Each structure stands twice: as structure tokens, then as C-alpha cells.
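What follows is each chain in one-letter form.
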Amino acid sequence: MRRWIAGLTVLAMAIVATTVVVLWRRVYDPRQYPDSDHITLSSALDWAHLTLPECGERGVRYWYFGNLFGEADMLMRMSASRGCIEQFLSANAAEPIAAGDRPSAFVTRTPEAWGWPDGRFLSGYSVAADRASSVIVEIAADLDATPLADLFVHVSKRS
């Protein structure tokens, strides 16, 4: 009986130690919005096939959620100079879409606590879909905001 109790004690300690190590290794980035999967910004951008200019790294907040089926969503906000926002658009070959073609509906679906605008006065952009990965990128920008311009990005991948 004592061996059995000792064995259970060792097993319980091993489970606790493993859990602590796994949770300790989880990545937390203070730029993440609440309830985001713990993923680094660089990993999320790699997944989304997006390039972030160095000038934008400090003004970024993001949220990422994926599932076991390979489907995922990422939301990102970047507040930076207008020139930096334009660098992002250029680096990612974002093309303007005609006003009214597609409203920036993803902007209106963000939690109120994130402080995103309602999307009515944003310019829309799209990035050519990567057919191999089924990634869809939608971008909305407020280039007239002062002192910093704002960029809002939604990336989704469906199986």
C-alpha cells in the first residue's frame, strides 16, 4: 500500500512539474489583446504572410485564434506615422478598393474595449489571396488620423 501511495505521489509531482514547464513556456506578448492564443507577433505575421515594417513594431496590438482544423483568424491594429502605414501597405502589395465595395465589417465586430473606430470613414485595401494557404487579408486604414495614422487588419484562413 505504501508503495502504491508513493507511486501516486511521484506521478502527481511529475504531472504538476510538467504543467508548470508547459505553462511557463507559453509565449505572452504585452501587445496581445485579451483572449488571444499565445503566439508571437512574428509567428502570427508569418502565418498571415504579412511583413511589418520596423517602424510599426511599437504601435502594434494583435489578436490570434486558431483551431485544430487549420482555421484561424488574426486581428491587428497598428498606430504609426502615415509614412509607416504606407510602408506596410506597399510591403504587402495592398491594393485600394473602391469606397462602398466592401465595408470594413471586421472593424465593427471588435470588442468595444479595444477602442477601434466604427469603420465608416476608413479606406479599404485588399491583399491578393494566397491560393495555396487560403489566407484572406482585409485592411482598413485611417490615414488622416492625427498624430498617428491607424491601420486595421483582418486575416482569416478557412480549410
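One can find the structure itself at the top, above this paragraph.
Residues numbered from 1 in each chain as written. Predicted model: local features only at pLDDT ≥ 70, side-chain atom pairs only at ≥ 80, totals over all residues. Heavy atoms only, no water.

Q: Looking at this model, I keep getting lost on the state of the cysteines. Mind explaining?
A: Disulfides are covalent bonds that connect the sulfur atoms of two cysteines. Under the defined criterion, the tally for this structure stands at one disulfide. In this model C55 forms its disulfide with C84; the gap between the sulfur atoms is 2.1 Å. Here the S-S torsion is close to 95 degrees, and the disulfide linking C55 with C84 is therefore right-handed. Residue C55 is found in the loop between helix 2 (41-48) and strand 1 (60-66), and its partner C84 is found in helix 3 (residues 82-91); the two are separated by 29 residues along the sequence. (Disulfide = S-S within 2.5 Å. Helix = DSSP H or I, 4+ residues; strand = E, 2+ residues; numbered from the N terminus.)

Q: How should the pattern of salt bridges be read in this particular structure?
A: Close approach of charged atoms lets side chains of opposite charge pair. Per the counting criterion, the structure on display carries four salt bridges. A salt bridge links R82 to D144, with the nearest nitrogen and oxygen atoms 3.5 Å apart. Here R82 is found in helix 3, whereas its partner D144 is found in the loop between strand 5 (135-142) and strand 6 (149-157), with 62 residues between them in sequence. Assessed through its relative accessible area of 66%, D144 is described here as exposed. A cluster of three or more residues bridged by salt bridges with shared partners is formed by R82, E86 and D144. (Salt bridge = Lys/Arg side-chain N within 4 Å of Asp/Glu carboxyl O. Buried < 20%, exposed > 50% of the residue type's maximum accessible area, 1.4 Å probe, protein only.)

Q: Explain the packing of aromatic side chains to me, please; I cannot follow it from the model alone.
A: Describing an aromatic ring pair means giving the distance of the ring centres and the angle of the ring planes. Tallied over the full model, the rule gives seven aromatic pairs. Summarising the aromatic geometry, the rings of W47 and Y64 are spaced 5.2 Å apart at their centres and angled 85 degrees between planes, so their arrangement reads as edge-to-face. Of this pair, W47 sits in helix 2 while Y64 sits in strand 1; the two residues are 17 residues apart in sequence, bridging distant segments of the chain. The exposure class of Y64 is buried, given its relative accessible area of 11%. An aromatic cluster is built from Y33, F106, W114, W116 and F152, whose rings are joined through pairwise contacts. (Phe/Tyr/Trp six-rings, centres within 6.5 Å; stacked < 30°, edge-to-face > 60°.)

Q: Would you mind going over the nonpolar core with me for this structure?
A: Buried together is how nonpolar side chains tend to be arranged in soluble globular proteins. If you look at the biggest cluster of nonpolar residues, it comprises 32 residues, and the most contacted ones within it are F88 and I139. Beyond its immediate sequence surroundings of up to four residues, F88 is in contact with L50, T51, L52, P53, M76, M78, I139, L151 and V153. Ranked by size, the runner-up nonpolar core spans 10 residues in total, among them Y33, V107, W114 and A140. (Core = buried A, V, L, I, M, F, W, Y, C linked by side-chain atoms within 4.5 Å. Contact = heavy atoms within 4.5 Å.)

Q: It is not clear to me how unusual backbone geometry should be interpreted in this structure. Could you clarify?
A: In most cases, non-glycine residues show a negative phi, while peptide bonds are predominantly trans. Within the chain, D35 stands out as a residue other than glycine whose phi angle is a positive 70 degrees. Relative to the assigned elements, D35 resides in the loop between helix 1 (2-25) and helix 2. Of the residues examined, D35 reaches a relative accessible area of 71% and is grouped as exposed. The residue A93 is not glycine, and still its phi comes out positive at about 50 degrees. Take A93: it is sitting in the loop between helix 3 and strand 3 (95-96).

Q: When you look at helix 3 in this model, what are you seeing that I'm missing?
A: Residues separated by three or four positions in an α-helix point in the same direction, a consequence of the helix having 3.6 residues per turn. Turning to helix 3, its buried residues number three or more, namely C84, I85, F88 and L89. Down the axis of helix 3, the sector holding all buried residues measures 145 degrees, keeping them to one side. Among the residues trailing helix 3, A93 stands out with phi positive, at a value near 50 degrees. (Arc of directions from axis to C-beta.)

Q: Any chance you could explain the side chain of S156 here in plain terms?
A: Along the chain, S156 turns up in strand 6. Judged by its relative accessible area of 9%, S156 falls in the buried class. When residues no more than four places from it in sequence are discounted, the contact partners of S156 are W47, A72, D73, S134, V135 and I136.

Q: I'm lost on the pairing of strand 6 in this one. Help?
A: The side chains of a regular strand alternate, first on one face of the sheet and then on the other. Most of strand 6 sits out of view: eight of its nine residues are buried. Here nine bridges tie strand 2 (residues 72-80) to strand 6, and the two strands are oriented antiparallel to one another. Bridging from a neighbouring strand, S79 pairs with D150 of strand 6. As paired strands, strand 5 and strand 6 are joined by eight bridges and run antiparallel to one another. Counted as the bridge partner of I139 is V153 from strand 6. In this structure, the hairpin formed by strand 5 and strand 6 is closed by a connection of six residues. (Pairing = 2+ DSSP bridges.)

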